[in-house]
Amino acid sequence: MTTATIAPGEPDVLDPAPAPAAAGVRKVRPASHPLRRVSFWVAAAFIALVAVAALWPSLLAPQDPLAIDLGKSFDAPSAQHVFGTDQSGRDVYSRVVHGAGQSVLIGVGATALGLAGAVLLGVLGGLGGRAVDAVVTRVIEVLYAFPGILLALILIAVFGSSAGTQILAVGIATIPGYARMVRGQVLAVRGAPYVQAERALGHSSAHVLFRTLLPNAFRPLTVLVTLGIGQAIVWASALGFLGMGVQPPAPEWGAMLNAGRNYLQQAWWLDFWPGVVIVLLALSLTAVGRAVQTLTQPGGPR
């Protein structure tokens, strides 16, 4: 399976179908490798753990993430505080667990917003004729050229720093990448033989559109959702680190990185633990997305 660098604001691109193996040669598929199976289940288990933290944080961390105890400021990781404490004596483990809700909400919300805008533009471009397609293409190019950080600054100036601002900024920044893929899929499926056969059989345009064309065109989006959420969480955390997201003392991973960067020499754990969780979650979502991609691409293992 190929690995490529993902540009900011652009979703991962699905790998092409693998070439058939030569005659007499047994090809071992990546998903069938035992190590890949183990990594998939480990990644899925970590995603499930983060989901529990996002939906029910008190189950994993009953301690109040906002409780201040100045007498325990900068306590190193110990049995009492497994991730240590911050400058105000707040338990870092509790803040990381309770911060999952904000970060996952931003990631899911931004991905949903990006996909909604992409579907609108992609379907218009793929089915609207040459004139509409030309307009949609220009809109996508303009969105590509517009820096995401500048968009975030404009939105913060208008709406203020909040989770909603992060969702808007990250979601709009991901629209052009998703829209380009949706448009390409719609154009490809529109000319597919089975769509032409549906029309030749006399089915109505609405039947062909909603029962055949769009379901097949949107099938790759199931993979993009998994990959896109991880990318959106990383982007939202970056905005939080720059101080353009949820503001302290609210527990949010990017804001925690921003608050702890001034104390790295005396309390390394302030940035280490939220950073590790962000990286592991992004890697886990990518691993699961790649596994789904392998299973759904033509010739994938069954």
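Coordinates for the structure precede this section.
Remember, predicted model here, so these are calculated numbers, not experimental data.

Details of the side chain of Asp271
Tracing the chain through its elements places Asp271 in helix H11 (residues 269-296). It turns out Asp271 is buried and unbridged, and the closest side chain with the opposite charge, Arg261, is 7.1 Å from it. A polar contact is formed between the side chain of Asp271 and the backbone nitrogen of Arg261, at a distance of 3.4 Å. Ignoring anything within four residues of it in the chain, the contact list for Asp271 reads Met256, Leu257, Gly260, Arg261 and Leu264.

Brief notes about a nonpolar patch on the surface
Taken together, the side chains of Phe146, Ile149, Leu150, Leu153, Ile154, Val158, Phe159, Leu168, Phe241 and Leu242 define a hydrophobic patch exposed on the protein surface, amounting to about 890 Å² of accessible area. Counting residues per element, the nonpolar patch draws most heavily on helix H5 (residues 148-159), which supplies six residues. Along the polypeptide, Ile149 turns up in helix H5.

Observations concerning the pattern of salt bridges
Summed over all chains, the structure comprises four salt bridges. Note that Asp86 is salt-bridged to Arg90, the shortest N-O span being 2.8 Å. Relative accessible area serves as the criterion here: at 5%, Asp86 is assigned to the buried category. For Asp86, the salt bridge goes to Arg95, with nearest N and O atoms at 3.9 Å. Judged by relative accessible area, which is 6%, Arg95 ranks as buried. One continuous salt-bridge network, built from bridges that share partners, spans Asp86, Arg90 and Arg95.

Thresholds, definitions, all that
Residues numbered from 1 in each chain as written. Predicted model: local features only at pLDDT ≥ 70, side-chain atom pairs only at ≥ 80, totals over all residues. Heavy atoms only, no water. Helix = DSSP H or I, 4+ residues; strand = E, 2+ residues; numbered from the N terminus. Buried < 20%, exposed > 50% of the residue type's maximum accessible area, 1.4 Å probe, protein only. Lys, Arg positive; Asp, Glu negative; His and termini not counted. Salt bridge = Lys/Arg side-chain N within 4 Å of Asp/Glu carboxyl O. Polar contact = N/O pair within 3.5 Å; in protein donor to acceptor, adjacent residues only side chain to side chain. Contact = heavy atoms within 4.5 Å. Patch = residues over 30% accessible without salt bridge, like charges linked within 9 Å, V, L, I, M, F, W, Y side chains within 5 Å. Areas by Shrake-Rupley, 256 points an atom, 1.4 Å probe, with all protein chains shown as cover.

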